[in-house]
Amino acid sequence: MFRYATRRLLGALPTLLILLALAFFLIRVAPGGPFDAERALLPEIEANLRAAYHLDEPLYQQFGRYLWGLLQADFGPSFQYRDFSVTELIMTGFPVSLRLGGSAMALALLFGITAGSIAALRQNTRADYAVMSASMTGISIPNFVMAPLLILVFAVYLGWLPAGGLGDGSPRNMVLPVIALALPQIAYISRLTRGSMIEVLRSNFIRTARAQGLPMRKIVLRHALKPALLPVVSYLGPATAAVITGSVVIEQIFGVPGLGRFFVQGALNRDYTLVMGVVVFYGVLIIAFNLLVDLAYAWLDPKVKYS
Amino acid sequence: MNRNHFVATVLVTISLYGCGAETDQAEPIGGASGQELAEEQVLRWGNGAEPGSLDPHRTQGVPGSNIGRDLFEGLTSEAPDGTVIAGAAESWEISDDGRTYRFFLRPEARWSNGDPVTADDFVYSLRRSLDPATLSNYTFILNPILNAEAVAAGELPTTEVGVRALDTHTLEIQLENTTPYFLGLLTHSASYPVHPPSAEAHGNQYARPGNLVSNGAYRLEEWVVQSHVKLVRNENYWDNGRTTIDEVWYYPTEDQTAELSRFRAGELDLSNAIPKRQVDWIRENLPEELVISPYLGTYYFGFNLTRPPFQDSPELRRALALAVDRDIITGQVTNAGEVPAYGWVPPVQNYAGQQMPEAAWTQEERVAEARRLYALAGYSEENPLRTRILYNTQEDHRRIAVAIASMWKQTLGVEVEILNQEWKVFLDTRQQKIETEIYRSGWIGDYNDAYTFAELFASGSGLNHTGYSSPDYDRLLREASAEGDMKRRAELLQQAERVLVEDLPIMPLYFYVTARLVRPWVGGFTPNIMDHHRSQNFHILKH
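Residues numbered from 1 in each chain as written. Chains lettered and ligands numbered in written order. Predicted model: local features only at pLDDT ≥ 70, side-chain atom pairs only at ≥ 80, totals over all residues. Heavy atoms only, no water.

## Describing the overall build of chain A
- The helix and strand tally for chain A stands at 13 helices and zero strands.
- Ordered by position from the N terminus, the helices and strands of chain A form the series α-α-α-α-α-α-α-α-α-α-α-α-α.
- C-alpha atoms of chain A, sized along the principal axes, occupy 85 × 55 × 30 Å.
- Within chain A, buried positions represent 48% of all 307 residues.
- Long-range contacts, defined as pairs at least 24 residues apart, comprise 75% of the intrachain contacts of chain A with a sequence gap of at least 6.
- If you sum the accessible surface of chain A, you get close to 14,900 Å²; carbon and sulfur atoms cover 68% of it.
- Measuring between centres, the 25 positive side-chain charges of chain A sit 22 Å from its 16 negative side-chain charges. (Helix = DSSP H or I, 4+ residues; strand = E, 2+ residues; numbered from the N terminus. Buried < 20%, exposed > 50% of the residue type's maximum accessible area, 1.4 Å probe, protein only. Contact = heavy atoms within 4.5 Å. Areas by Shrake-Rupley, 256 points an atom, 1.4 Å probe, with all protein chains shown as cover. Lys, Arg positive; Asp, Glu negative; His and termini not counted. Charge placed at Lys NZ, Arg CZ, Asp CG, Glu CD.)

This is the structure:
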């Protein structure tokens, strides 16, 4: 298993390098530059800024410099947030996004798997229809509609929860953003679980278990759930990476200082180093989570063996 | 230099604020109205975007400047109504030729760590602000200072800037030319002092909590990027005795709808703006909280004069400018109290704005003239003008562009294509002047003087995206820059504005307003045209 994981990680390096190169050159191809503003800078001052950030060097040299910095865990300075390095920005934003996204995914797994299983076990009953319509609604209503609605009801009208910000870091501030982030995930996971569970419940080994007279609860928990979760686990890899690296919509609406806003603002401001930093970070997380998913397969499916 | 050679211009308005005997604030706050102060003096601002930096010489944009005004104090400062008053300097003298300023610093002024604020600190700071190594984007603010431009360009060493300390508390600044608005420039963050030992010790990390030593009414306590900036009272500030607010919180509030929700949920005392599309709802439901006031800005459409159809066609530009019903734009599209603009310079101090002569006409008369000029330019219903409007992607800009396109279509038959681009792409396209025919833009003045508007359309200005170049206009601007007599200077700038509204390289649409929400118990909020506020002038009433 360890050798497999090491091999996979080493195999991911070329992927990461391609990702880096693509992001590095694409952001520079985009029209406009980091120092463009309403008032054009004096040529001397702009030249000075470009030199300070090494943007006056040939592209291949800049790329080499960037890779060299990366090897030393240096993502470079941010062009936009000039008092911070990109590493510092990521390290400030990521814990918040992780806490928010982690809670949302935990909530989504708990409710999504439970609701999906119930719907599958009671297929074509009212419970099934209720769960499926709720999840369809969850998928259809975008975050930027759901989040303001939650704020309006729970913060403005009822005054139970804060409308935004981190406050003193208390869980109260996290409730609404976590719910807003979790709702679509609950919807997806419940639909995936339902579909897969229905299929598993129809398989021969479950039929055998039932014929042996095992109670339904035991059949589901001990035999059906694990194989039924395989598609959910496949989904979880990239979904978790996406959720814990922050959602720009949720962060902006709730004023949460996560990583997501850096994605968009970095790109809009042509903050090359910030964009690169976030892309690399996200890329590494995706690779790591995909590996975790594959390792989880081995635990869930006895047919899968890694050596 | 003998003091007698100076015209004593110690502004006495200043002492009113400095000593406080005759001002409104001499009254115990809340006392006259029978209202008491709240126990907790905490002020919470919605601040738009996240500040790029809190280092006054490296900051860019309004959010950083807002916080900077609480943290730092320049040689001059601003009263709540925006009038320039004494700051770290308690008085000053200006030489007869208007080119030498001598500032007398307050001996009692202290940095937040207790060190005295000295003339050497200002010499260090102005040099640092201009030093190319600081990477400031705002060195142009200091251009009036002798050699400042050459130092910023790296052509001269920083020691050549026209600034020197005569003694611990006397600073002398020499200017290139008479600059009547110079005292106002000293309230800009580019001219704030930084604490030399801290700036030297921490370099790029000077503006971090724990590192930042400041000389304003507040000091930096916390900064969590994208979450908040928390300031607390600077006990060492020379006027701390008259400061009421103990803590100031600035929240980044880019999404105006989300900001409105936070305001309604009671989490903000002042919003940064309002969502324009909800202005009617706000007027109806939050009438007491809504404050709308004039703002130093002009919204306009510019013409690309380097290419047809607008090159060499003043009739066509004028026809398009006249065919726009500005009352409809401000009354039905923007709808937040903006003022229709027929001239370029908004109502700044010591200046009477000039307008297009047609401003006094009825819209019907303007449309009739527009049709005549349109035909004169060679266009007709059979041969309509086909043009395009370029704007940076934003809903408010789109609505204005659509309204104007339909007005042109209706009155003249012009075929208009409306194009939007993301901000940086838009800047790039506009700069190239190839695809652009008409572009939307807005200009917010850097200081309260007509020159900050007039300079935009000087030939070769970094802000002149039209390609407009008028020898007359340039000459009037040059003469105004060198003119010491304020009245004559204003006349020259007015003449320049008349040239501009005659040539119409741009089409002014409206003068901006600021619209924000302010809680009824926030005392001391005074709208001003620069929209500059300092938390030290605020207080929270018991509620």
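## So, the sheet that holds strand β9 (residues 218-224) of chain B
Residues and elements named next belong to chain B.
- The sheet built from four strands is open, its strands ordered β2-β11-β10-β9 with mixed pairing. Every other strand in the sheet has two partners, leaving β2 (42-46) and β9 as the edge strands with one partner each. When strand polarity is set aside, the average angle formed by the axes of neighbouring strands in this sheet is 20°.
- Note that β2 and strand β11 (residues 247-251) share five bridges and pair parallel. Bridging from a neighbouring strand, Trp 45 pairs with Tyr 250 of β11. (Pairing = 2+ DSSP bridges. Axes fitted to C-alpha atoms, helices over the stretch in contact; angles between N-to-C directions.)

## Remarks on the environment of Val 62 of chain B
- Position of Val 62 of chain B relative to the elements: it lies in helix α2 (residues 62-71).
- For the pair Val 62 of chain B and Gly 48 of chain B, spaced 14 residues apart in sequence, the C-alpha to C-alpha distance is 8.3 Å.

## Things to note about the interface of chain A and chain B
- The partner chain B presents 53 residues to the 48 residues of chain A that form the contact.
- Buried surface at the junction of chain A and chain B, summed over both partners, amounts to about 4,100 Å²; 51% is from carbon and sulfur atoms.
- Interface area lost by chain A to chain B is led by Glu 38, Arg 39 and Arg 82 of chain A, which between them contribute 22%.
- Our count for the contact surface shared by chain A and chain B stands at three salt bridges.
- Glu 88 of chain A is paired through a salt bridge with Arg 208 of chain B; the nearest N and O atoms lie 2.6 Å apart. (Buried area = accessible area lost by both parts, 1.4 Å probe. Salt bridge = Lys/Arg side-chain N within 4 Å of Asp/Glu carboxyl O.)

## Digging into the pattern of salt bridges
All names here are of chain B.
- One pass over the full model with this rule turns up 28 salt bridges over all chains.
- Measuring nitrogen to oxygen at the nearest pair gives 3.8 Å for the salt bridge that ties Arg 283 to Asp 280. Taken together, the positions of Arg 283 and Asp 280, both in helix α8 (residues 279-285) and three residues apart, correspond to about one turn of that helix.
- Residue Arg 283 is classed as partly exposed on the basis of its relative accessible area of 33%.

## Thoughts on the pairing of β9 of chain B
Residue and element names in this part refer to chain B.
- Two strands pair when backbone bridges link them, and β9 and strand β10 (residues 228-233) are joined in this way by six bridges, in the antiparallel orientation. Looking at the pairing, Val 224 lines up with His 228 of β10.
- Linkage of β9 to β10, two consecutive antiparallel strands, is achieved through a turn of three residues, within which Gln 226 is found at a positive phi near 70°.

## Some remarks on helix α1 (residues 2-29) of chain A
Residue and element names in this part refer to chain A.
- Across its 28 residues, α1 extends 41 Å between first and last C-alpha, which sits within 8% of the 40 Å expected from 1.5 Å per residue.
- Burial in α1 covers these residues: Tyr 4, Ala 5, Ala 12, Leu 16, Leu 20, Ala 23, Phe 24, Ile 27 and Arg 28.
- Elements that come into contact with the buried residues of α1 comprise α3 (59-71), α12 (260-268) and α13 (272-300). (Expected span 1.5 Å × (residues − 1).)

## Remarks on the domain arrangement of chain B
Residue and element names in this part refer to chain B.
- Here the domain parsing of chain B yields domain 1 (55-256) and domain 2 (295-513).
- Here the C-alpha centre of domain 2 lies 35 Å away from the C-alpha centre of domain 1.
- Contacts between the two partners involve eight residues from domain 1 and, on the opposite side, ten residues from domain 2.
- Summed over both sides, the interface between domain 1 and domain 2 buries roughly 780 Å², with carbon and sulfur atoms accounting for 64% of that surface.
- Across the domain 1-domain 2 interface, the total number found is zero salt bridges.
- On the surface where domain 1 and domain 2 come into contact, there are zero residue pairs in polar contact (both at pLDDT 80 or more).
- Considering only residue class, the side of domain 1 that touches domain 2 consists of five nonpolar, three polar and no charged. (Domains from an automatic or database assignment. Polar contact = N/O pair within 3.5 Å; in protein donor to acceptor, adjacent residues only side chain to side chain. Nonpolar A, V, L, I, M, F, W, Y, C, P; charged D, E, K, R; others polar.)

## Quick notes on helix α7 (residues 256-264) of chain B
- Along α7 of chain B, the positions that sit buried rather than exposed are Ala 258, Glu 259, Leu 260, Ser 261, Arg 262 and Phe 263 of chain B.
- Looking at the buried residues of α7 of chain B, the elements they touch are α6 (143-157) and α11 (248-254) of chain A together with β2, β11, α8 and β17 (506-517) of chain B.
- Taking the backbone nitrogen of Thr 257 of chain B as reference, a side-chain oxygen 3.0 Å away marks Asp 255 of chain B as the first, capping residue of α7 of chain B.
- Looking one or two residues beyond α7 of chain B, the residue adopting positive phi is Gly 266 of chain B, at roughly 85°.

## Some words on the packing of helix α9 (residues 216-228) of chain A against helix α10 (residues 230-244) of chain A
Residues and elements named next belong to chain A.
- Relative to each other, α9 and α10 sit at 40°, their axes nearing to 5 Å. As far as their axial angle goes, α10 and α9 are oblique. Taking contact as the criterion, the partners of Lys 226, Pro 227 and Ala 228 in α9 are, on α10, Leu 230, Pro 231 and Val 232.
- Along the lines of polarity and charge, the residues of the contact of α9 with α10 split into five nonpolar, no polar and one charged. (Parallel < 35°, antiparallel > 145°, perpendicular 65-115°, else oblique.)

## Some thoughts on the sheet that holds strand β14 (residues 386-392) of chain B
Residue and element names in this part refer to chain B.
- Pairing in this open sheet of six strands is mixed, and the strands run β13-β17-β12-β16-β14-β15 from one edge to the other. Looking along the sheet, the strands with just one partner apiece sit at the ends: β13 (339-340) and β15 (415-421).
- Sheet topology places strand β12 (residues 290-303) next to strand β16 (residues 438-444); seven bridges connect them, and they run antiparallel. The residue bridging Tyr 299 from the neighbouring strand is Gly 442, located in β16.
- Sheet strands touched by helix α10 (residues 326-334): β13 and β17. Its angle to β17, the strand with the most contacts, is close to 30°.

## A closer look at the side chain of Ser 461 of chain B
Residue and element names in this part refer to chain B.
- Along the chain, Ser 461 turns up in the loop between α14 (451-454) and α15 (471-482).
- From its side chain, Ser 461 meets the backbone oxygen of Leu 456 in a polar contact 3.2 Å long.
- Setting aside its immediate chain neighbours within four residues, Ser 461 contacts Glu 455 and Leu 456.

## A closer look at the packing of aromatic side chains
All names here are of chain B.
- Enumeration according to the criterion identifies 38 aromatic pairs over all chains in this entry.
- Judged by centre distance (5.8 Å) and plane angle (65°), the ring pair of Tyr 510 and Tyr 512 falls under edge-to-face. For the pair formed by Tyr 510 and Tyr 512, the shared burial category is buried.
- These aromatic residues form a ring-pair network of at least three members: Tyr 300, Trp 344, Tyr 439, Phe 453 and Phe 457.
- Taking NZ or CZ as reference, Arg 106 lies 3.6 Å from the ring centre of Trp 238, over its face.
- Over the ring of Tyr 251 we find Arg 262, and its NZ or CZ is 4.9 Å from the ring centre. (Phe/Tyr/Trp six-rings, centres within 6.5 Å; stacked < 30°, edge-to-face > 60°. Lys NZ or Arg CZ within 6 Å of the ring centre and 35° of its normal.)

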